[in-house]
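Structure at a glance
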Amino acid sequence: MDTSKIRELLGSDADDLLNHKAKVNKEMLHLPSPDFLDRVWAYSDRNPQTLRSLAAIHNNGRLAGTGYVSILPVDQGIEHSGGASFAPNPIYFDPENIVKLAIEGGCNAVASTFGVLGSVARKYAHKIPFIVKINHNNFITYPSKYDQILFAQVEESWNLGAVAVGATIYFGSEEADRQIQEISEAFARAHELGMATILWCYLRNNAFKADKDYHTSADLTGQANHLGVTIEADIIKQKLPTNNGGYKAIKFGKTHDKVYTDLSSDHPIDLCRYQVLNNYAGRAGLINSGGESKGAGDLAEAVRTAVINKRAGGMGLISGRKAFQRPMNEGAALLQAIQDVYLNKDITIA
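As recorded by an unreviewed UniProt entry, the protein chain carries the name fructose-bisphosphate aldolase and is attributed to Leptonema illini.

Here it is, written out as structure tokens:
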């Protein structure tokens, strides 16, 4: 996809998104690049096996060797329900088609449940990097409750050939303390075994909804990211920020006026850059989520998110429902359109 097509998909926002100069100087950040692992992670406490696992992710798919990643995540069969997730395209009840989509789509890796990846491990674990999502929300409870609990073990994820484990923490929830402790222990064990770690740093608290929904506020999601890298997540998955000022609106915790005047603005690239800044200034890559599928506008929305993430200094996108809730060839094309943004040299860091 060339720049003119990307501009067309961005529509009236094209000039604003492609020409914006960020408030936080890019020189402050550790930006994705072909030598990212050697330049950033080689001096950390990650052991050589973990570095090799990170390299497996970075050096696979259409974005291999760029420093950027495109990951297909399919854990919604548990998080939402199999019916809600796969009824639009029932072929994805079969785990093999999930892996096939990631390969056809040129992804760096596929992230899914222990059962999904375990069912096809011998056929595909050596063909595309596996990321096992080890905890989930058990959504079949009534009344509904929201708590991430362990569904899988790190050692068994290693046994099936996974190069990384992923997990979710609901920061701000009543259960957050236990989740932080559980996942900290799991990530430590994963690193001992030489696996990489990816953390879904989501917010969940009814009080985070005031005059607007602050679950996607830059200051609160930024702090969630900062907690995630503290337990040594190598890559952070976060929702794209849509607003700011959650601390002030909810009137809790601690913040600083300069967060809103010097370190961010209302512009989506500045909001996302504040997330990157909280990832130890980009030492841990930020991948933003693609969000739910809404139909005809999915391609434009996915490209827009990719442009914001890339120009903010992020490491890529993790997009699931937009890809697997449509025919496989269309889903693969959407994933490749996202990757085209990261391959396009005209789209630079803001």
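Having seen the model, we can carry on.
**Description of the overall build of the protein chain**
Assigned secondary structure in the protein chain consists of 17 helices and 10 strands. Over its C-alpha atoms the protein chain spans a radius of gyration of 19 Å, differing by no more than 12% from the 20 Å that the globule rule assigns to 350 residues. C-alpha atoms of the protein chain, sized along the principal axes, occupy 50 × 45 × 45 Å. Taken over 350 residues, the protein chain has a buried fraction of 57%. Total accessible area computed for the protein chain in this model is approximately 14600 Å², and 50% of it derives from carbon and sulfur atoms. For the protein chain, the centre of its 36 positive side-chain charges and the centre of its 38 negative side-chain charges are spaced 2 Å apart.

**So, helix α10 (residues 176-192)**
The terminal C-alpha atoms of α10 lie 24 Å apart, and with 17 residues this matches the ideal 24 Å at 1.5 Å per residue to within 8%. Among all positions of α10, only Ala176, Gln179, Ile183, Ala186, Phe187, Ala190 and His191 are buried. Buried positions in α10, seen along its axis, are confined to an arc of 135 degrees and lie on one side of it. When the buried face of α10 is taken as reference, the exposed residues oriented beyond 90 degrees from it are Asp177, Gln181, Glu185 and Glu192. Gly194 sits one or two residues past α10 and shows a positive phi near 90 degrees.

**Describing the packing of helix α15 (residues 298-312) against helix α17 (residues 328-343)**
Remark: α15 packs on α17, axes separated minimally by 9 Å, with the N-to-C direction vectors making an angle of 30 degrees. Considering their axes alone, α15 and α17 lie roughly parallel with respect to each other. Crossing of α15 against α17: the hand is right-handed. Residues Asp298, Leu299, Ala302, Val303, Ala306, Val307, Asn309 and Lys310 of α15 touch α17, and the partners they reach there are Leu334, Ala337, Ile338, Val341, Tyr342 and Leu343. Grouping the constituent residues of the contact of α15 with α17 by class yields 11 nonpolar, 1 polar and 2 charged.

**A word on the packing of aromatic side chains**
Two measures describe an aromatic ring pair: the distance that separates the ring centres and the angle between the ring planes. Across all of its chains, the model carries 7 aromatic pairs by this definition. Seen in terms of ring centroids, Phe139 and Tyr146 are 5.9 Å apart; in terms of plane orientation they differ by 40 degrees. Their pairing is tilted. Accessibility expressed as a relative area gives 36% for Tyr146, which makes it partly exposed. Members of the aromatic cluster, connected to one another through ring pairs, are Phe86, Tyr92, Phe93 and Phe324. Over the ring of Tyr124 we find Lys127; its NZ or CZ atom is 5.5 Å from the centre of that ring. Lying across the ring of Tyr170, Arg204 places its NZ or CZ 4.7 Å from the centre.

**Observations concerning the side chain of Thr113**
Checked against the element boundaries, Thr113 lands in strand β2 (residues 109-113). Given a relative accessible area of 10%, Thr113 falls into the buried group. With near-sequence residues (within four places) excluded, Thr113 lies in contact with Val74, Asp75, Ile78, Val132, Lys133 and His136.

Here is what the cut-offs are and how they apply
All residue numbers here refer to positions counted from 1 along the written sequence of the relevant chain. Reporting of local features is limited, given that this is a predicted model, to residues whose pLDDT is at least 70; pairs of side-chain atoms are given and counted only at 80 or more, and all residues count toward the totals for whole chains, interfaces and linings. Working from all heavy atoms in the structure, the side-chain values ignore hydrogens and water. Going along the chain from the N terminus, every DSSP run of H or I of four or more residues is numbered as a helix, and every run of E of two or more is numbered as a strand. All radius of gyration figures rest on C-alpha atoms, and the globule criterion is 2.2 Å times the number of residues raised to 0.38. Each residue gets one of three labels from its accessible area relative to the maximum for its type: buried under 20%, exposed over 50%, partly exposed in between, using a 1.4 Å probe on protein chains only. Only the protein chains shown count as cover for residues, and the accessible areas themselves come from Shrake-Rupley with a 1.4 Å probe. Two residue types count as positive, namely Lys and Arg, and two as negative, namely Asp and Glu; His and chain ends fall outside the count. Charge coordinates come from a single atom per side chain, which is NZ of Lys, CZ of Arg, CG of Asp or CD of Glu. Working rule for helices: expected span equals 1.5 Å times residues minus one. Note that the arc is computed from the directions linking the helix axis to the C-beta atoms. Only the stretch in contact is used when a helix axis is fitted, and all axes are lines through C-alpha atoms; the angle between N-to-C directions ranges over 0 to 180 degrees. Angles below 35 degrees are treated as roughly parallel, those above 145 as roughly antiparallel, those between 65 and 115 as roughly perpendicular, and all remaining angles as oblique. Crossing handedness is read from the near helix: turned anticlockwise from the far helix by less than a right angle, it gives a left-handed crossing, and turned clockwise, a right-handed one. The contact definition used throughout considers only heavy atoms, calling two residues in contact when any of these lie within 4.5 Å. Any residue that is not Ala, Val, Leu, Ile, Met, Phe, Trp, Tyr, Cys, Pro, Asp, Glu, Lys or Arg is counted as polar, Gly included; the first ten are nonpolar and the last four charged. Only Phe, Tyr and Trp rings are paired, with Trp represented by its six-membered ring, and only when their centres lie within 6.5 Å; those with planes under 30 degrees apart are stacked, over 60 edge-to-face, the remainder tilted. Definition used: whenever NZ (Lys) or CZ (Arg) falls within 6 Å of the ring centre and also within 35 degrees of the ring normal, the charge is taken to sit over that ring.

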